[in-house]
Amino acid sequence: MTQDELKQAVAKAALDYILPKLEKDSIVGIGTGSTANYFIDALAEHQDLFDGAVSSSQTSEDRLKGHGIPVYDLNSTGSFEFYIDGADETNERLELIKGGGAALTREKIVAACAKEFICIADDSKMVDLLGAFPLPVEVIPMARSYVAREIVKLGGDPVYRDGVVTDNGGVILDVHNLAIKSPMELESKINQLTGVITNGLFALRPADTLLLGTKNGVQTLKAK
Ligand code: 5RP
């Protein structure tokens, strides 16, 4: 199976996972990226079973609306049952690196409001140690150089993602060469740097469920 086929398989598995639990007034939290796109397209076939969505990016919002799915302001929905999103890396504790699509801050906010965060990923994303994928850090533009210098002190090599401005008006530093042995500690440390909006470690609020696409089928893993 190709990576794309694995992404489609986990998107379908996520749909099968949530469909029996959806109610007419359900709001579904939606992530960003190619795997999330497959999920959006699959979800759109079942619009009669739920009310609408909250989105973690303008791109996903546009795709949802393109299917005719209502997209609500998170401030008006309160908490909701499910958030479904991809990841750039995951470990067995379902701690993640996210933000390859620069939507990390809104993804973290929507995940925080969900009772269950369901991560959907192909098995190339499963790692023993987080950090081979450069860790995205969203920064207030004027703080970019300062934050980069502070990240060097933490042992990382930050690279400015040239030309990218996030939905929040932030810029992205991709931090290379981190072997992340204590994800929760590093997530907190980087978030405490002045000028950081947030970083792409999802360890303080990891996924609850991982649907992992493998050539032998979709595995369901629960956070330990
Ligand atoms: C976007 C993300 C995505 O979930 C992550 O980059 C994975 O993307 P894809 O599903 O395209 O592999 O965090 O900010």
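Not measured: the values here are computed from a predicted model.

Conventions and cut-offs
- Residues numbered from 1 in each chain as written.
- Predicted model: local features only at pLDDT ≥ 70, side-chain atom pairs only at ≥ 80, totals over all residues.
- Heavy atoms only, no water.
- Helix = DSSP H or I, 4+ residues; strand = E, 2+ residues; numbered from the N terminus.
- Buried < 20%, exposed > 50% of the residue type's maximum accessible area, 1.4 Å probe, protein only.
- Arc of directions from axis to C-beta.
- Contact = heavy atoms within 4.5 Å.

J.: Is there a simple way to think about unusual backbone geometry in this case?
T.: What is expected of a backbone is that most residues other than glycine have negative phi and most peptide bonds are trans. One non-glycine residue, Leu-94, lies in the positive phi region at around 65°. With respect to the element layout, Leu-94 can be found in the loop between strand S4 (89-90) and strand S5 (96-97). For Leu-94, a relative accessible area of 0% corresponds to the buried category. Non-glycine residue Ala-102 carries a positive phi angle of around 70°.

J.: Which parts of the structure should I look at to understand helix H5 (residues 144-153)?
T.: Turn by turn, an α-helix covers 3.6 residues, leaving residues three or four places apart pointing in a common direction. Among the residues of H5, Val-147, Ala-148, Glu-150 and Ile-151 are the ones counted as buried. One side of H5 carries all its buried residues, which in axial view fall inside an arc of 165°. Residues of H5 that are exposed and angled more than 90 degrees away from the buried face: Arg-149 and Lys-153. On its buried side, H5 packs onto strand S7 (135-139), strand S8 (157-160), strand S9 (171-176) and strand S10 (196-199). Looking one or two residues past H5, Gly-155 carries a phi angle of roughly 100°, positive in sign.

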